[in-house]
Amino acid sequence: MPAVLVTGAGKRIGAAIAQHLGSRGWYVFVHYHASREDAEAVAAAIVAAGGAAMAIGADLADAEAVAGLITRCEVIQPLSLLINNASHFSYDTAATTTAETLDHNMRVNLYAPALLAQGFNAAVKAGGAEGVIINLIDNKVFALNPDYFSYTLSKVALQGMTQMLAMAFAPAIRVAGIAPGITLVSGNQSEQEFQRTHNNNLLGQGCTPEQILGAIDFILATPSYHGQTMIIDGGQVLQRRPRDIAFLDDPAKRDAANANG
């Protein structure tokens, strides 16, 4: 049975990815940090549906914990897929960010995926097998604006790393990215606010968790897909907006963000 580690898999998109792969015959390591109960529930649901899964905890901001995560999985079931889904997401600007904020975003959103990829590469090569790494990036990377400064910097670096890893780890490991637009309600958004921002793009329809799952299936089923990132956002990046979509859609939030940043 092939095994996958999905980071940040206790909730939201990570949970959907874990359950989807579990239903397709993967042994799923459901990673969590603070969401242990949620991750255990996801793992239990996979097992109840006839699959195999285990919740596994680690603080991705802790380099030592990250360094041991691949080994902890490999002892139980050799990995052939790594999905770097977890990320830290909070608001700051170039004027308000701090060294601590930058450091935390980089630790979770960039350093952890880099170290996990390194460990995954070593494990795959030691086993004489092949593997796939999929990084969840963000469509913001392809149409930059200054909002969420630290977060965006970390995702820009993650996109660059995706291409670098693809060159470094081929041919044993394929590396690809998925860059969704706004997909789920976040923060203090109301459902109405979410729908407005979700559909505010050229096609009038945004990314859904199901589309991300479809992108994962495509990458896994396409042996020549390598070093590229799939953007799923209804064409939003083509509009090159000057602010994050949430602030363009809601003047009150925009004004509050300007006051804070």
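In what follows, the structure referred to is the one given above.
Numbers given to residues run from 1 along each chain, matching the order in which its sequence is written. Only residues with pLDDT of at least 70 are given local features in this predicted model, and only at 80 or more are side-chain atom pairs given and counted; all residues enter the totals for whole chains, interfaces and linings. The basis for every side-chain value is the complete set of heavy atoms in the structure, and neither hydrogens nor water enter the calculation.

K.L.:
Account for the sheet that holds strand S5 (residues 131–136), with residues named and values stated.
P.N.:
The strand order S3-S2-S1-S4-S5-S6-S7 describes an open sheet built from 7 strands, whose pairing is parallel. Of all strands in the sheet, those bounded by a partner on one side alone are strand S3 (52–57) and strand S7 (229–232). Averaged over neighbouring strand pairs, the angle between their axes works out to 15 degrees when direction is ignored. Alignment of strand S1 (residues 3–6) against strand S2 (residues 27–32), held across 4 bridges, turns out to be parallel. By definition, two strands form a pair when at least two bridges between them are found by DSSP. To qualify as a helix, a DSSP run of H or I must reach at least 4 residues; to qualify as a strand, a run of E must reach at least 2; elements of each kind are numbered from the N terminus. A fitted line through C-alpha atoms represents every axis, and for helices the fit uses only the stretch in contact; the resulting angles, taken between N-to-C directions, go from 0 to 180 degrees.

K.L.:
Requested: an account of the packing of aromatic side chains, with residues and values cited.
P.N.:
Each aromatic ring pair is specified by the distance between its two centres and by the angle formed by the two planes. Note on aromatic pairs: the rings of Phe, Tyr and Trp (six-membered ring only in Trp) are paired at centre separations within 6.5 Å, and the planes decide the class, stacked below 30 degrees, edge-to-face beyond 60, tilted for the rest. Throughout the structure, instances matching the rule amount to 5 aromatic pairs. On the numbers, 4.7 Å between centres and 85 degrees between planes, the contact of Phe89 with Tyr151 is edge-to-face. Linking Phe89 in the loop between strand S4 (79–84) and helix H4 (99–126) with Tyr151 in helix H5 (residues 149–169), this pair joins segments that are 62 residues apart in sequence. The classification of residues rests on relative accessible area computed with a 1.4 Å probe and restricted to protein chains. Under 20% of the type maximum is buried, over 50% is exposed, and intermediate values are partly exposed. A relative accessible area of 5% places Tyr151 in the buried class. With a centroid separation of 5.5 Å and an interplanar angle of 75 degrees, the aromatic rings of Phe218 and Tyr225 are classed as edge-to-face. Given a relative accessible area of 15%, Tyr225 falls into the buried group. Members of the aromatic cluster, each reached through a chain of ring pairs, are Phe89, Tyr91, Tyr148 and Tyr151.

K.L.:
Tell me what's going on with helix H1 (residues 12–23), and back it up with residues and numbers.
P.N.:
Expected helix span is taken as 1.5 Å per residue step, with the number of steps being one fewer than the number of residues. Spanning 12 residues, H1 covers 17 Å between terminal C-alpha atoms, matching the ideal 16 Å at 1.5 Å per step. Looking at H1, one finds that the buried residues are Ile13, Gly14, Ala15, Ile17, Ala18, His20, Leu21 and Gly22. Here a residue-residue contact requires only that any non-hydrogen atoms of the pair lie within 4.5 Å. Residues of H1 that are buried in the fold lie against S1, S2, helix H2 (36–48), S4, S5 and helix H7 (209–221). Taken from the residues just after H1, Gly25 is the one with a positive phi, measuring 90 degrees.

K.L.:
Kindly report on the environment of Gln195, identifying the contributing residues and their values.
P.N.:
Here Gln195 shows up in helix H6 (residues 191–198). Judged by its relative accessible area of 33%, Gln195 falls in the partly exposed class. Separated by 12 residues in sequence, Gln195 and Thr183 place their C-alpha atoms 9.8 Å apart. By the criterion applied in these results, polar contacts are pairs of N or O atoms within 3.5 Å in which, for protein atoms, one can donate a hydrogen and the other can accept it, and in which residues neighboring in sequence qualify only through two side-chain atoms. Polar contacts involving the side chain of Gln195 include one to the side chain of Glu191, which spans 2.8 Å.

K.L.:
Break down the pairing of S2 for me, with residues and values.
P.N.:
Burial of S2 is extensive: 6 of the 6 residues sit out of reach of the surface. Crossover handedness is defined by viewing with both strands directed away from the observer: a clockwise path from the first strand over the helix to the second marks the crossover as right-handed. Running through H1, the crossover from S1 to the neighbouring parallel element S2 is right-handed. The sheet contact formed by S2 and S3 spans 6 bridges and is parallel. Note on S3: the bridge partner recorded for Tyr32 is Gly57. On the question of chirality, the crossover connecting S2 to the parallel S3 by way of H2 is right-handed.

K.L.:
Which residues make up helix H3 (residues 63–76), and what values do they have?
P.N.:
Since the α-helix packs 3.6 residues into each turn, any two residues three or four apart lie on the same face. Bend, at a single residue, is the angle you get between axes fitted to the 7 residues ending at that residue and the 7 residues starting at it. The largest bend along H3 measures about 30 degrees and falls at Leu69. Every buried residue of H3 is listed here: Val66, Leu69, Ile70 and Cys73. Packed against the buried residues of H3 are S1, S2, S3, S4 and H4. Between a side-chain oxygen at the N-terminus of H3 and the backbone nitrogen of Glu64 the separation is 3.0 Å; the capping residue is Asp62.

K.L.:
Quick rundown of the pairing of S1? Include the residues and the values.
P.N.:
It is a general feature of regular strands that their side chains alternate between the two faces of the sheet. Of the two faces of S1, the one carrying Ala3 and Leu5 and the one carrying Val4 and Val6 are both buried. With 4 bridges connecting them, S1 and S4 associate as parallel partners. Bridging across to S4, Val4 finds its partner in Leu81.

K.L.:
Can you lay out the side chain of Thr97 for me, pointing to particular residues and giving the numbers?
P.N.:
Mapping Thr97 onto the fold places it in the loop between S4 and H4. Among the polar contacts made by the side chain of Thr97, one reaches the side chain of Asp92 at a distance of 2.7 Å. One polar contact links Thr97 to Ser150, side chain to side chain, over a distance of 2.8 Å. Apart from residues lying up to four places away in sequence, Thr97 is in contact with Asp92, Leu102, Phe149 and Ser150.

K.L.:
Hey, could you go over the pattern of salt bridges for me, with residue numbers and the actual values?
P.N.:
Salt-bridge detection follows one rule: a side-chain nitrogen of Lys or Arg within 4 Å of a carboxyl oxygen of Asp or Glu. Tallied over the full model, the rule gives 6 salt bridges. One salt bridge connects Glu40 with Arg36, and the closest N-O pair in it is separated by 2.9 Å. Here Glu40 and its partner Arg36 are both found in helix H2, 4 residues apart, which amounts to about one turn of the helix.

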